[in-house]
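Understanding the architecture of this molecule
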Amino acid sequence: MDNIKSIRKVESNDTEPKKRIQKGVSYAKWGYIFIIPFFLVYLAFTLYPQIKTFIFSFQKYFESGLNVFGPKWNNFGNYVALFTKSENGVVMIVKAFTNTMIMWLMGAVFQFLISLVLAVFFTSSRLRLKATGFFKAVFYMPNLIMASAFAFLFYALFNTVGPINQLAQMMGWADKPIDFISTYPWSTRTLVATMNFILWFGNTTILLMAGIMGIDESLFESARMDGASSNRVFFDITLPLLKPILVYVLITSLIGGLQMYDVPYLLTKGGGEPNFSTMTIVMLLNKYLSANNYGMAGAVAVVLFVITGGLSFLVFRMIRRKDD
Amino acid sequence: MKKLFLGLFAALAALTLVGCRKTPAKSDSKVFHIMAWNEEFKGFFEKYVCDERAKFVEAAEKKDDSLKPKEYHYDGKLVKWTIVPSEGGQYQKSLDQHLKANETASDDEKVDMFLAEADYILKYSNSKYTTPIKDLGVYNLSNTYEYTSQVASDSKGVVKGVSFQCCPAGVIYRRSIAKAVFGTDDPAKVQEKISNWDKFNAVAADMKAKGYYMTSSFAETYRAFSNNVTQPWVNDDLKLQFDPQIEAWMAQAENFIKNEYTLTAGIWEDGCTNEMFATGKTFCWFGPAWYYNFCMGNAQDETKGCFGDWAVCEGPAYYYWGGTWLMGAAGGNDDYLVGKCMNSFINDKDVCKALVKNEGQFSNNQKANKEVAAEYEKEGTGNAFLGGQNDTKFYLDLAKRIQIKGMTIYDQYCNEGLQKAFGEFLKGAVATKADAIANFKTQLHIDCPEIVFE
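Heads up: these notes are all about the structure in this document.

**Notes on the packing of aromatic side chains**
- Within this structure, the stated rule accounts for 64 aromatic pairs over all chains.
- Consider the rings of A:F234 and A:F235, whose centres lie 5.0 Å apart with planes at 80°: the pair is edge-to-face.
- Centroid distance B:W285 to B:W310: 5.7 Å. Interplanar angle 65°. Geometry classified as edge-to-face. On the criterion of sequence distance, the pair formed by B:W285 in strand β8 (residues 284–288) and B:W310 in strand β9 (residues 310–313) is long-range, its members being 25 residues apart. Both residues of the pair, B:W285 and B:W310, count as buried.
- Ring pairs connect the aromatic residues B:F32, B:F41, B:F44, B:F45, B:Y74, B:W81, B:F164 and B:F345, which therefore count as one cluster.
- Taking NZ or CZ as reference, A:R189 lies 4.7 Å from the ring centre of A:W186, over its face.
- The ring of B:W310 is capped by B:R174, whose NZ or CZ atom sits 5.7 Å from the centre of that ring.

Encoded structure:
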């Protein structure tokens, strides 16, 4: 408050002596002092580890038992190893990237379709839905539950002796328990995608609603007066004007999706089963970390950093262009 | 003159004795520091060896924890525990840090003794961070079971740890199913039917014919094979190798799944343990004495279980499962106390007998086990869970015959990794056996990059 007051004072009174102006400006130093703790924490716990990770990615550095191998310069050795075929004939990082993208897409398609429909319904001045606040809260609720709790719930429901299997056997749909979680790649992927969908569609709905509400209401009204159908309004007014927000939400969701970890990790107990078909990039990173292989884990982290960095840059550019 | 000679001779003799049996010196430190991952051993230590043990026994008898002293001592030194749960490798991580810093740590922080499990004991016994038990003052291993020393020996055969328990394992089977299929539930007669793997496999077919499963997990028999390998998982050139015993397990597991003699559940999964309820259709499980209380909760369930409908026999192979070893940390202050504690748990017959009688353990002292078994025999008492069978007597002989060969520090990764990867093949998630083994190697390469494959 004091700060604002003094600035106002400075602005309102040009004839004040110079001293006064300097005093007003000197308040700015408090701003810097207040952000020092953040930067200290950032330097120690974010930037320093990031630089270290980058260095490790060029070193042979791992522990086996109580013995430490390295750190020894390995140039691009870790990256070459990362993009070399494993014993099972698969390049694990490519497999992990593909898995991550497939599971993200499976969830995201429904997430965006349904969120879009809900957002349009909730903001429509024509429908005037009642109790939208209640529904918004309910849709958003899953996002408040920890992903881990959610994964455990799905594990409990879908394992071979869980209620879903009991029901299926009781109703005569299956004569033997079906292993939804660790036998069929598409079944496990569907479970992961479903969980991510339930966790995130409420969040997307709220963001898209904010976007639609930002569109000038008079456009909708005049379109309706001209006799435009709801479909026409949606495709010719809502969608084009919502595009910037939609792309932003899509790309942030993609970045979040690339870092997919907790849900598939807990559902498959870290294994990425079946046949590594649900192993995401961060799960692969974690496999190297739990093996105390700092060099390879560093290389995976840098690859992930490059991909997300590129996508973030896209988002940045988009927002800037909108401002211009 | 004669006296002088005698005196000299005695002095010389004493010197030589001291020379070959150096007793660790006492230190001035005031703390005896032990690291463990749970409270099991702590309970035994408090009740049977610490200075204030009488008070702990009293507290246990009266079931009143408030009687337990808050602080207690061992040979006058304050006992300090650092307990880190083993989940996610936490215990080993913390232990590694402590051991590496032990030489330079302050007196109160130095670790004197720590506990280790068979799965990873070699990591410590093969390192410079543990002290040979001879240097701790433990010379007499004649009462213990041989395999407990084999497990705790380093690559040169130097014994680095002592186990306070012995975990011979057998086949724990349902009496009612044995009666239905064999016409008898007598352990000796059932043993005849499954005394080797060929017979065991043949019985599995009989079980199937009568509507039962032989086991309820494809991995149930794994340890009975893997404990009997003749070559290590990884050889001196760090090359991975498959022992014929492991091949035999894979063949059996494949056969059992194909013929529906067993289920695709892992040994810790509900799909396996739910079969222990009275309604279960599974004949047997593989496990040691601790398995009854630790893993067979469903069988002991008051309403749905089948308490007393069980018995144990040797089965097709001798093996052990589990166990906890005490190890002396290099750089610790109180080597003589570590040795004293180890000696109590293997050579003090009273302590060992108490472990068997009061704590449901099978001790690492042959005489103590024998005496307790004889007492039970005389009283005609046995284990109620096993329908009155005297299992202490049963384990006596079994424990002596267990032999361990070819352990490596990679065993945990190899054993668990292979079971997991092969399980995927058996479930149909992976198309061929070769694919499963390739996946196993892929995971192993991530965990232990130094291992090479053919």
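**Some details on the pattern of salt bridges**
All names here are of chain B.
- Enumeration over the complete set of coordinates arrives at 25 salt bridges over all chains.
- With a shortest N-O distance of 3.2 Å, E375 and K353 are connected by a salt bridge. Separated by 22 residues along the polypeptide, E375 in helix α17 (residues 366–379) and K353 in helix α16 (residues 349–359) bring together distant segments of the chain.
- Overall, the relative accessible area of 16% leaves K353 in the buried class.
- A salt bridge links D397 to R401, with the nearest nitrogen and oxygen atoms 2.8 Å apart.
- On the basis of relative accessibility, which here comes to 39%, the residue D397 falls in the partly exposed class.

**Quick look at the pairing of β8(B)**
Residue and element names in this part refer to chain B.
- For β8, the buried fraction is high: five of the five residues fall into the buried class.
- Side chains of β8 alternate between two faces, with C284, F286 and P288 and W285 and G287 buried alike.
- Pairing of strand β7 (residues 168–174) with β8, which is carried by five bridges, proceeds in the antiparallel orientation. Within β8, the position partnered with V171 by the bridge is F286.

**Some remarks on the interface of chain A and chain B**
- Each partner contributes residues to the interface: chain A has 25 residues there, and chain B has 29 residues.
- Summed over both partners, the interface of chain A with chain B buries about 2,300 Å², with 57% contributed by carbon and sulfur atoms.
- Applying the counting criterion to the chain A and chain B interface returns three salt bridges.
- For A:K176, the salt bridge identified is with B:E260, shortest N-O distance 2.7 Å.
- Across the chain A-chain B interface, the total number found is eight residue pairs in polar contact (both at pLDDT 80 or more).
- Listed by contribution, the elements that provide at least two residues to the side of chain A that touches chain B are β1 (59–64) and α13 (281–290) of chain A.
- No other element matches α13(A), which puts three residues into the side of chain A that touches chain B.
- Along the lines of polarity and charge, the residues of the side of chain A that touches chain B split into 10 nonpolar, 10 polar and five charged.

**Focus: a nonpolar patch on the surface**
All names here are of chain A.
- Taken together, the side chains of W30, I33, F34, I36, L40 and L43 make up a nonpolar region of the molecular surface, amounting to roughly 630 Å² of accessible area.
- With respect to the secondary-structure elements, F34 resides in helix α3 (residues 28–56).
- Relative accessible area serves as the criterion here: at 64%, F34 is assigned to the exposed category.

Definitions and cut-offs
Every chain is numbered independently, its residues counted from 1 as its sequence is written. Chains and ligands are labelled by the order in which they are written, letters from A for the one and numbers from 1 for the other. With pLDDT at 70 or above as the cut-off, local features in this predicted model cover only qualifying residues; side-chain atom pairs require 80 or more to be listed or tallied, and sums for whole chains, interfaces and linings still use all residues. Calculated side-chain values reflect all of the structure's heavy atoms, with hydrogen atoms and water omitted. In this analysis, rings of Phe, Tyr and Trp, with Trp reduced to its six-membered ring, are considered paired at centre separations within 6.5 Å, and the interplanar angle assigns stacked below 30 degrees, edge-to-face beyond 60, and tilted for intermediate values. By the criteria applied, helices consist of DSSP H or I runs no shorter than four residues and strands consist of E runs no shorter than two, each listed in order from the N terminus. Throughout this description, buried means an accessible area under 20% of the type-specific maximum (1.4 Å probe, protein chains only), exposed means over 50%, and partly exposed covers the range between. Here, a charge over a ring is recorded when the distance from Lys NZ or Arg CZ to the ring centre is within 6 Å and its angle to the ring normal is within 35 degrees. For this document, the term salt bridge refers to a Lys or Arg side-chain nitrogen within 4 Å of an Asp or Glu carboxyl oxygen. The pairing criterion for strands is at least two bridges between them, as found by DSSP. By definition in these notes, contact holds between two residues if any of their heavy atoms fall within 4.5 Å. Joining two parts hides part of their accessible area as seen by a 1.4 Å probe, and the buried area is that hidden amount summed over both. Think of a polar contact as two N or O atoms within 3.5 Å of one another; within protein, one of them needs to be a possible hydrogen donor and the other a possible acceptor, and neighboring residues in sequence only count if both atoms come from side chains. Under the scheme applied here, ten amino acids are nonpolar (Ala, Val, Leu, Ile, Met, Phe, Trp, Tyr, Cys and Pro), four are charged (Asp, Glu, Lys and Arg), and all others, including Gly, are polar. Like charges are joined within 9 Å and nonpolar side chains (Val, Leu, Ile, Met, Phe, Trp, Tyr) within 5 Å, but only among residues with over 30% relative accessible area and no salt bridge; these make up the patches. Methods summary: accessible areas were calculated by the Shrake-Rupley approach with a probe of 1.4 Å, and residue burial reflects only the protein chains presented.

As far as function goes, none of this settles anything; it's purely spatial.
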